[in-house]
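# Structural characterization, general
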Amino acid sequence: MAEVYERTEDGITTRVTAQEALNEGRAAMTDRVTVRAYVRKISQDCGRYDITYKDGRHVVLRPLDVQEPAG
């Protein structure tokens, strides 16, 4: 089963791959340039990321228990 994340940005929800979600979450947490320049606040718990960017965007990345369609 491929892991899928739900990405909600300012009320608009899309599905992204686990890799895309983890890349964004990890960059927001550990990339010093990204954190200093772009991230105001971030929290992470059980694979869920809650990120507030300095430009006002609010992003929540939440793992889903579904299969991606083969394709």
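Above this text is the structure in question.
Report on the accompanying structure. (Residues numbered from 1 in each chain as written. Predicted model: local features only at pLDDT ≥ 70, side-chain atom pairs only at ≥ 80, totals over all residues. Heavy atoms only, no water.)

The subject of this paragraph is the pattern of salt bridges. One pass over the structure, following the stated rule, counts six salt bridges. As a salt-bridge pair, E6 and R62 come within 2.8 Å of each other at their nearest N and O atoms. Placement of the pair is E6 in strand β1 (residues 4–9) and R62 in strand β5 (residues 58–64), with a sequence separation of 56 residues. The closest approach of N and O atoms between E24 and R7, which form a salt bridge, is 2.9 Å. (Salt bridge = Lys/Arg side-chain N within 4 Å of Asp/Glu carboxyl O. Helix = DSSP H or I, 4+ residues; strand = E, 2+ residues; numbered from the N terminus.)

Right, let's get into the sheet that holds strand β4 (residues 48–53). Strand order in the open sheet made by the five strands is β2-β1-β5-β4-β3, with antiparallel pairing throughout. Across the chains shown, the open sheet's two edge strands, defined by having one partner strand only, are β2 (12–17) and β3 (39–45). Geometrically, the sheet is characterised by an average inter-axis angle of 15° between neighbouring strands, direction not taken into account. Of the pairings in the sheet, the one linking β1 to β2 comprises six bridges and is antiparallel in character. Residue pairing across strands places Y5 opposite V16, the latter belonging to β2. Along the sheet face, helix α1 (residues 18–30) touches β1, β2, β3, β4 and β5 and points at about 55° away from the line of β4. (Pairing = 2+ DSSP bridges. Axes fitted to C-alpha atoms, helices over the stretch in contact; angles between N-to-C directions. Contact = heavy atoms within 4.5 Å.)

Turning our eyes to something else, we now look at the side chain of E24. By the secondary structure assignment, E24 is in helix α1. The exposure class of E24 is buried, given its relative accessible area of 18%. A polar side-chain atom of E24 sits 2.9 Å from a polar atom in the side chain of R7. The residues contacting E24, other than those within four sequence positions of it, are R7, I51, Y53, V59 and L61. (Buried < 20%, exposed > 50% of the residue type's maximum accessible area, 1.4 Å probe, protein only. Polar contact = N/O pair within 3.5 Å; in protein donor to acceptor, adjacent residues only side chain to side chain.)

Glycine aside, the phi torsion of most residues is negative, and most peptide linkages are trans. Phi angles above zero are rare outside glycine, and D10 is one such case at about 50°. Examined against the element boundaries, D10 turns out to sit in the loop between β1 and β2. Phi is positive for C46, which is not a glycine, with a value near 55°. Residue classification places C46 among the exposed residues on the basis of a relative accessible area of 70%.

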